[in-house]
Amino acid sequence: MTEARRPRVAFVTGEYPPQVGGVGDHVALLRETLEQMGVTTWVITGTPPGLEVDHPRTSRMMRRWGFTRMTALMRRLQEIKPNVVHLQYQSGAFGLSAAANLIPRFIRTRRVAAKTVTTLHDLRTPYVFPKAGMLRRFLVRRTAKDSDGVIFVSPEDARELMKQDLPIGEVSQLDSTMASVIPVGPTILPVGAGDDREALRAELGLPRKAFVVGHIGFRQRNKGMRVLGDALRQTQQLQGDVALALIGSGEPAADGRRHDRGERTDNIGRWQVVESGWLDPDGMSRWLQCCDLCVLPFADGLSLRRSTFMSAIAHGLPVVTTRPEQSFAGVESGENVILVPPGDAASLSYAITQFAGSPKMREDYGERARQLGERFSWEANARSTLALYHAVTDVD
């Protein structure tokens, strides 16, 4: 592929490292992988505190995302001259501004010579004014309709917005829009932590020889912390030391997502609870490598937008999580993951007990989880994203 034929992609995102947030991590990792494949990328994002070193093609120019800043955004895109503008849509990351929903339309009407691809990280609506529910939902549909290509990170979002089931990783034609379901990749990548896991556990404050259950992320209501606590209270008969590692737990920073102090894991008997506090991805990887099992009891079931699940399987951890609304190709309960009904503490407790009593079961499920993780790697994500870029442009 010659230099002239390589795609030139401008990401527009409401958050980007060093800001804390899953969308920002997603963009940074996708960008890195695409550039390794020969794609030239820019990022246009908000203005964080001062940085000493930054990527030379990162424009931190958006002090806010209101309508008054759209002219400056379009002017910057005209200067960059990308083939593709890739909008990373999550309303909270844009401060719930409705202007973000209209970026694809602005690109069409302001003579930006680029195709627009929008990744819908969720279908959360912007704020317009009180009691404007229908208008807010219309704006999300408008974002998709005005885009040349749309990426859904979960099949259920595609079904809700497009009223169709789309195959994962394939490009589909929907009226005038090309669409694809491309699940998120792991935002915590495995790092070398040495072979002495007991020494690493001691360094992190975890019991050396315990059976360690890991939970990743904030203690939000939809993360199922209460049912996890109930399940662990039902496992007091387990032999030996047992510990619960709360990895990366802390106060959520994104708009609209707040820490629920009622979702606690207190008073769970013999289980020693160890909290990591906030960590960077490399630090979280070291904690994950100390775990025997990862438990993710999402209140609304597993979704392929869950980067915590992707991170766990990327580390080769056996995972117990909750049954999704629809099945996903490749994710098979009893094969590479254990799925239990949401809110069912008894089933969750039984699964934890089975893994606690069988190192062989942990090894087998961990290896099959690692193989599943290869399907959702950043390389796979980037290849599927490039296929959609190719479908909406004539650039390879």
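Just so we're clear, the structure is a prediction, and the values are computed from it rather than from any experiment.

A word on the overall build of the protein
The number of helices and strands found in the protein is twelve helices and 14 strands. Computed over its C-alpha atoms, the radius of gyration of the protein comes to 22 Å, within 12% of the 21 Å expected for a compact globule of 396 residues. Taken over the C-alpha atoms alone, the protein extends approximately 70 × 50 × 40 Å along its principal axes. Counting every position in the protein, which comprises 396 residues, the buried fraction comes to 57%. Of all intrachain contacts in the protein linking residues separated by at least 6 positions in sequence, the fraction that spans at least 24 positions is 74%. For the protein, the accessible surface area stands at approximately 17200 Å², while carbon and sulfur atoms represent 49% of it. Both charge centroids of the protein, one from 50 positive and one from 44 negative side chains, sit 8 Å from each other.

Digging into the environment of Val 213
With respect to the helices and strands, the residue Val 213 is situated in strand 9 (residues 211-216). Sequence separation of Val 213 and Ala 356 is 143 residues, and the distance between their C-alpha atoms is 9.1 Å. Ignoring sequence-local partners within four residues, the contact set of Val 213 consists of Ala 243, Leu 244, Ala 245, Trp 271, Leu 293, Val 295 and Ile 352.

Concerning the packing of helix 9 (residues 307-314) against helix 11 (residues 359-375)
The contact between helix 9 and helix 11 brings their axes to 7 Å, and the two run at 125°. In terms of axis orientation, helix 9 runs oblique to helix 11. Like other packed secondary-structure pairs, helix 9 and helix 11 cross with a definite hand, here left-handed. The residues of helix 11 that touch helix 9, namely those facing Phe 309, Ile 313 and Ala 314, are Ala 369, Arg 370, Leu 372 and Gly 373. Partitioned by chemical class, the residues of the contact of helix 9 with helix 11 number five nonpolar, one polar and one charged.

Overview of the pattern of salt bridges
The tally for this structure, following the rule as stated, stands at 18 salt bridges. Via salt bridges that share partners, Arg 31, Glu 35 and Arg 57 belong to a single interconnected network.

Some details on the sheet that holds strand 1 (residues 8-13)
Overall, mixed pairing links the eight strands, which are arranged 3-2-1-4-5-6-8-7 in an open sheet. One side of each edge strand has no neighbouring strand; the edge strands of this open sheet are strand 3 (58-62) and strand 7 (172-174). Each strand axis lies, on average, 25° off the axis of its neighbour in the sheet, ignoring direction. In terms of strand pairing, strand 7 meets strand 8 (residues 177-181) through three bridges, oriented antiparallel. By the bridge assignment for strand 8, Ser 172 is matched with Ala 179. Here helix 1 (residues 22-36) sits on the sheet in contact with strand 1, strand 2 (40-46), strand 3 and strand 4 (84-89), set at roughly 170° to strand 1. Where helix 5 (residues 155-162) meets the sheet, it contacts strand 5 (115-120), strand 6 (149-152), strand 7 and strand 8, and its direction lies at approximately 130° from that of strand 6.

Section: the confidence of the model for the protein
When pLDDT is averaged along the protein, the result is 89; 91% of the residues meet or exceed 70. Below a pLDDT of 50 lies the segment residues 252-262, which in the model reaches 19 contacts outside its immediate sequence neighbourhood of four places, other chains included.

Things to note about helix 1
With 15 residues, helix 1 should reach 21 Å at 1.5 Å per residue; the first-to-last C-alpha distance of 21 Å fits that figure. Taken residue by residue, helix 1 has Val 23, Gly 24, His 26, Val 27, Leu 29, Leu 30, Arg 31, Thr 33 and Leu 34 as its buried positions. Where helix 1 terminates, the next one or two residues include Gly 38, which has phi positive at roughly 95°.

A look at the nonpolar core
Ranked by internal contacts, the top residues of the largest apolar core, which has 39 residues, are Met 70, Leu 73, Met 74, Leu 77, Ile 103, Leu 120 and Phe 152. It is helix 2 (residues 70-80) that contributes the most residues to this core, six residues altogether. Once residues within four sequence positions are removed from consideration, Ile 103 is found in contact with Val 12, Met 70, Leu 73, Met 74 and Leu 87. One finds Ala 245, Met 284, Val 319 and Phe 328 within the second-largest nonpolar core, a separate group that totals 37 residues.

Digging into the sheet that holds strand 13 (residues 319-322)
With respect to topology, six strands assemble into an open sheet ordered 11-10-9-12-13-14, the strand pairing being parallel. Since the sheet does not close on itself, it has two edges, and those belong to strand 11 (272-275) and strand 14 (338-340), each with one partner. Strand-to-strand twist in this sheet, taken as the mean axis angle between neighbours without regard to direction, amounts to 25°. Note that strand 13 and strand 14 share three bridges and pair parallel. Each residue of the ladder has a partner; that of Thr 321, found in strand 14, is Leu 339. Sheet strands touched by helix 7 (residues 225-233): strand 9, strand 10 (242-247) and strand 12 (293-296). Its angle to strand 10, the strand with the most contacts, is close to 170°.

Cut-off values and rules
Residues numbered from 1 in each chain as written. Predicted model: local features only at pLDDT ≥ 70, side-chain atom pairs only at ≥ 80, totals over all residues. Heavy atoms only, no water. Helix = DSSP H or I, 4+ residues; strand = E, 2+ residues; numbered from the N terminus. Rg over C-alpha atoms; globule rule 2.2 N^0.38 Å. Buried < 20%, exposed > 50% of the residue type's maximum accessible area, 1.4 Å probe, protein only. Contact = heavy atoms within 4.5 Å. Areas by Shrake-Rupley, 256 points an atom, 1.4 Å probe, with all protein chains shown as cover. Lys, Arg positive; Asp, Glu negative; His and termini not counted. Charge placed at Lys NZ, Arg CZ, Asp CG, Glu CD. Axes fitted to C-alpha atoms, helices over the stretch in contact; angles between N-to-C directions. Parallel < 35°, antiparallel > 145°, perpendicular 65-115°, else oblique. Left-handed = near helix turned anticlockwise from the far one by under 90°. Nonpolar A, V, L, I, M, F, W, Y, C, P; charged D, E, K, R; others polar. Salt bridge = Lys/Arg side-chain N within 4 Å of Asp/Glu carboxyl O. Pairing = 2+ DSSP bridges. pLDDT = per-residue confidence, 0-100. Expected span 1.5 Å × (residues − 1). Core = buried A, V, L, I, M, F, W, Y, C linked by side-chain atoms within 4.5 Å.

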